[in-house]
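Results of the structural survey
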Amino acid sequence: MVPRLSLIRASQPTEPRATVYEPALCIVAQGRKRAMLGATIFDYDPAKYLVVSVDLPIVGQVVEASEAEPFLCFRLELDVPALAALLLEMPRDAGSGDSAGLAVNAITPDLLDPVIRLMRLLERPADIPILAPLAEREILYRLLLCEQGALLRQIALADSRLSQINRAIGWIKRNYAAPFRIETVAREANMSPSSLHHHFKAVTAMSPLQYQKQVRLQEARRLILAERADAATAGFAVGYESPSQFSREYRRLFGAPPVRDAARLRMSSELAFSVA
């Protein structure tokens with residue numbers, strides 16, 4: 001196994017599914033996928049790659065896949081300490097302004113070359129401990145030189161605005177079931193409430209409160225689907241006091257009430273398994 005590397009396969013298109021994308025590089029080898037961040041749609045295929053710089057609630061969907069030509073995707077989790085170490089050896093370029101935490105760019109031969117070399121190591125496990133870090137380092141280097149290089153630099157800088165937003169995101173994810181107060185999150189990020197709200201929305205395309213709601217609802221969905229909790233129990237577990245409000249917000253995000261949504265997902269998973 002290559003650390004931080006995942007390979008994703010789907011033999012048919014999927015329903016739109018809300019999930020949290022963690023900082024990573026995604027490259028499609030075959031097929032096409034769609035990621036929706038707020039009202040913005042990002043499509044990526046073998047000609048493009050996707051980079052995520054912060055934990056983001058995303059609606060993802062495989063839109064092009066079949067048994068004959070399945071969707072195939074390379075995903076590499078971004079190693080923030082390695083990015084920081086690499087920056088020490090590169091010319092300083094802090095970048096400016098806020099950027100969305102997700103971007104799609106055209107893939108280049110310079111980036112694709114170390115990605116292929118990293119993949120080939122799966123056939124030579126004995127070489128992985130020595131050669132995988134070298135290929136991964138080159139991948140990070142190529143990303144730092146790309147259009148989103150300034151954004152990736154911000155990930156590794158402890159005093160950057162993006163790092164402050166990351167601290168706010170981490171607090172929300174750890175305390176999603178607690179009552180929300182913008183002042184508390186702002187203190188965690190060492191920002192004023194108004195500054196946090198402005199920069200948080202620029203990076204994530206949603207307010208801190210909207211982010212908390214999505215984290216709550218996705219955890220509730222996991223409880224209902226994986227642990228077969230009933231809707232009232234799941235809603236209470238993630239911080240909702242009103243079952244009707246929970247059901248209403250769940251349906252708004254996932255397109256169906258909790259029980260119907262869970263049944264639909266189980267049926268979809270069983271069908272995918274039967275044709276894989």
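First, a word on scope: everything that follows refers to the structure included in this document. Worth saying up front: this structure is predicted, and the values here are computed from it rather than measured. Residues take numbers from 1 onward in each chain, read along the sequence in its written order. Only residues with pLDDT of 70 or above have their local features reported here, since the model is predicted, and side-chain atom pairs are shown and tallied only from 80 upward, although totals for entire chains, interfaces and linings are computed over all residues. Note that water and hydrogens are dropped before the side-chain values are worked out from all heavy atoms of the structure.

Let us look at the overall build of the protein. Each helix and strand in the protein was counted, giving 11 helices and 9 strands. If you line up the protein on its principal axes, its C-alpha atoms span 55 × 50 × 30 Å. Three exposure classes are used, based on accessible area relative to the maximum for each residue type with a 1.4 Å probe and protein chains only: buried under 20%, partly exposed in between, and exposed over 50%. Per-residue burial over the protein gives 44% buried out of 276 residues. Contacts are assigned to residue pairs with any non-hydrogen atoms lying within 4.5 Å of each other. Long-range pairs, those at least 24 residues apart, make up 74% of the contacts in the protein with a sequence separation of at least 6. Carbon and sulfur atoms provide 54% of the accessible area of the protein, an area that totals close to 14,100 Å². We score Asp and Glu as negative and Lys and Arg as positive, and we do not count His or the chain ends. Where a charge lies is defined by one atom per residue type: Lys uses NZ, Arg uses CZ, Asp uses CG and Glu uses CD. Taking the average location of the 33 positive side-chain charges in the protein and that of its 30 negative ones, the two points are 5 Å from each other. We count a stretch as a helix when DSSP gives it H or I for four or more residues in a row; a strand needs E for two or more, and each element gets its number in order from the N terminus. Here the accessible surface of atoms and residues is derived via Shrake-Rupley with a 1.4 Å probe, and residues count as covered only by protein chains that are part of the display.

Right, let's get into the state of the cysteines. Two cysteine sulfur atoms make up a disulfide if the distance between them is within 2.5 Å. This model, assessed by the stated rule, comprises 0 disulfides. With no disulfide of its own, Cys26 lies 4.8 Å from the sulfur of Cys73, the closest cysteine sulfur. Unpaired in terms of disulfides, Cys146 finds its nearest cysteine sulfur in Cys26, a separation of 14 Å.

Moving on: a nonpolar patch on the surface. A grouping of Ile130, Leu131 and Leu134 is seen on the molecular surface, where their side chains present a nonpolar patch of about 300 Å² in accessible area. Checked against the element boundaries, Leu131 lands in helix H3 (residues 128–144). Since its relative accessible area comes to 36%, Leu131 is described here as partly exposed. Each patch is built from residues lacking any salt bridge and having more than 30% relative accessible area; the joining distance is 9 Å for like charges and 5 Å for nonpolar side chains (Val, Leu, Ile, Met, Phe, Trp, Tyr). Salt bridges are counted wherever a side-chain nitrogen of Lys or Arg sits within 4 Å of a carboxyl oxygen of Asp or Glu.

The subject of this paragraph is the pairing of strand E6 (residues 48–52). With 4 of 5 residues buried, E6 lies mostly within the body of the structure. For two strands to pair, DSSP has to find at least two bridges joining them. Relative to E6, strand E3 (residues 24–30) runs antiparallel, the two being bridged by 4 bridges. Across the sheet, Leu25 pairs through a bridge with Val51, a residue of E6. Sheet topology note: the E6/strand E9 (residues 102–106) ladder contains 5 bridges and is antiparallel. Across the sheet, residue Tyr49 finds its bridge partner in E9, namely Asn105.

Let us now look at helix H8 (residues 208–226). Here a helix's expected span is defined as the number of its residues, less one, multiplied by 1.5 Å. With 19 residues, H8 extends 27 Å from end C-alpha to end C-alpha; this agrees with the ideal 27 Å at 1.5 Å per step. Just downstream of H8, Arg228 is the residue with a positive phi angle, here 55°.

What follows deals with the pattern of salt bridges. Pairs can form between side chains of opposite charge whenever their charged atoms are close. By the definition in use, this model includes 18 salt bridges. The partner of Arg142 in a salt bridge is Glu138, and the shortest N-O contact between them spans 3.7 Å. Of this pair, Arg142 and Glu138 both sit in helix H3, 4 residues apart, which is roughly one turn of the helix. Overall, the relative accessible area of 22% leaves Glu138 in the partly exposed class. When salt bridges with common partners are traced through the structure, they connect Arg32, Arg34, Asp43 and Glu64 into a single cluster.

Ranked by internal contacts, the top residues of the largest apolar core, which has 76 residues, are Leu25, Phe74, Leu102, Leu118, Ile139, Leu143 and Leu196. Take this core: its biggest share by element is 7 residues, from H3. For Leu25, the contacting residues outside a window of four places in its chain are Tyr49, Leu50, Val51, Phe74, Arg75, Leu76, Leu78, Ile139 and Leu143. Note on terminology: a nonpolar core comprises buried Ala, Val, Leu, Ile, Met, Phe, Trp, Tyr and Cys residues joined through side-chain atoms within 4.5 Å.

What follows is about the packing of helix H1 (residues 80–87) against H3. Axes here mean lines fitted to C-alpha atoms, for a helix over just the part in contact, with angles spanning 0 to 180 degrees between N-to-C directions. One way to put it is that H1 packs onto H3 with a least axis distance of 10 Å and a crossing angle of 65°. In terms of their interaxial angle, H1 and H3 are classed as roughly perpendicular. The interaxial crossing formed by H1 with H3 has right-handed handedness. Between H1 and H3, the contacting residues are Ala82, Leu83, Leu86 and Leu87 on the first element and Arg137, Leu140, Tyr141 and Leu144 on the second. Of the residues contributing to the contact of H1 with H3, the split by class is 7 nonpolar, no polar and 1 charged. For classification purposes, an angle smaller than 35 degrees is called roughly parallel, one larger than 145 roughly antiparallel, one from 65 to 115 roughly perpendicular, and anything else oblique. Crossing handedness follows the turn of the near helix against the far one: under a right angle anticlockwise gives a left-handed crossing, and clockwise gives a right-handed one. Note that Gly is not counted as nonpolar here; it falls among the polar residues with everything else outside the nonpolar set of Ala, Val, Leu, Ile, Met, Phe, Trp, Tyr, Cys and Pro and the charged set of Asp, Glu, Lys and Arg.

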